[in-house]
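Here is how the chains run, residue by residue.
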Amino acid sequence: MTARGGHRQGAGRPKGAVAKHRKLANEATQQAVGTGETPLAFLLSFMRDPGKSDKDRLAAATAAAGYVHPRLASVDVKADVEATVEVSRIELIAPAIASDDHPTH
């Protein structure tokens, strides 16, 4: 039985190997510098290339999403908990009676 943990021969990423997301970013930077194309344009063209694998196209789409779809900011809501709201039954059904869509009784 082998011991768990610690250094194992041949385990892990080989020295000098570049992670896939870094490789894609480096390619985007090199192409943008050479052609004047923006990283977003490169990511979108990479995403639309049917010759690339679905996994790589999904990674490009995920990276490009931050440029196209901004994240929603959190909002603090302040409410006056002492305020009361009074609604009568007439107020709730009045719009339905007044509209032309509903027949009158």
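Below, the structure is looked at part by part. (Residues numbered from 1 in each chain as written. Predicted model: local features only at pLDDT ≥ 70, side-chain atom pairs only at ≥ 80, totals over all residues. Heavy atoms only, no water.)

## Description of the packing of helix α2 (residues 39-48) against helix α3 (residues 54-68)
Between α2 and α3, whose axes approach to 8 Å, the crossing angle comes to 145°. As α2 packs across α3, the resulting crossing turns out to be left-handed. Only Asp56, Arg57, Ala60, Ala61, Ala63, Ala64, Tyr67 and Val68 of α3 make contact with α2, whose side of the interface consists of Leu40, Leu43, Leu44, Phe46, Met47 and Arg48. A per-class count over the contact of α2 with α3 returns eleven nonpolar, no polar and three charged. (Axes fitted to C-alpha atoms, helices over the stretch in contact; angles between N-to-C directions. Helix = DSSP H or I, 4+ residues; strand = E, 2+ residues; numbered from the N terminus. Left-handed = near helix turned anticlockwise from the far one by under 90°. Contact = heavy atoms within 4.5 Å. Nonpolar A, V, L, I, M, F, W, Y, C, P; charged D, E, K, R; others polar.)

## Let's talk about the layout of surface pockets
Space inside the largest pocket adds up to approximately 190 Å³. Looking at the lining of the largest pocket, the elements that each hand over two or more residues are α1 (20-35), α2 and α3. Here the lining of the largest pocket takes five residues from α1, the largest share from any one element. (1 Å grid on protein atoms, 1.4 Å probe; cavity = no way out; pocket = protein on both sides within 12 Å on 5 of 7 lines; lining within 4 Å. Points joined across faces, edges and corners; volume = space filled by probe spheres on them.)

## Structural notes on the nonpolar core
If you look at the biggest cluster of nonpolar residues, it comprises eight residues: Leu24, Ala28, Phe42, Leu43, Leu44, Phe46, Ala60 and Ala64. The leading source of residues in this core is α2, at four residues. Non-local contacts of leucine 43, meaning those with residues more than four positions away in its chain, are made with Ala60, Ala63, Ala64 and Tyr67. (Core = buried A, V, L, I, M, F, W, Y, C linked by side-chain atoms within 4.5 Å. Buried < 20%, exposed > 50% of the residue type's maximum accessible area, 1.4 Å probe, protein only.)

## Remarks on the environment of tyrosine 67
With respect to the helices and strands, tyrosine 67 occurs in helix α3. Since its relative accessible area comes to 55%, tyrosine 67 is described here as exposed. For the pair tyrosine 67 and proline 39, spaced 28 residues apart in the sequence, the C-alpha separation amounts to 9.6 Å. Contact partners of tyrosine 67, with chain neighbours within four places excluded, come to Leu40 and Leu43.

## Focus on α3
With 15 residues, α3 ought to run about 21 Å at 1.5 Å a step, and its terminal C-alpha atoms sit 20 Å apart, in line with that. Every buried residue of α3 is accounted for by Asp56, Ala60 and Ala64. All buried residues of α3 project into a common sector of 60° when viewed along the axis, lining one side. More than 90 degrees from the buried face of α3, the exposed residues found are Asp54, Lys55, Leu58, Thr62 and Gly66. (Expected span 1.5 Å × (residues − 1). Arc of directions from axis to C-beta.)

## Describing the pattern of salt bridges
Pairing between side chains of opposite charge can happen when their charged atoms approach one another. Under the counting rule described, the total for this entry stands at one salt bridge. Aspartate 54 is the partner of arginine 57 in a salt bridge, and the nearest nitrogen-oxygen pair spans 3.8 Å. You can see arginine 57 and its partner aspartate 54 sitting in helix α3, three residues apart, about one turn around the helix. (Salt bridge = Lys/Arg side-chain N within 4 Å of Asp/Glu carboxyl O.)

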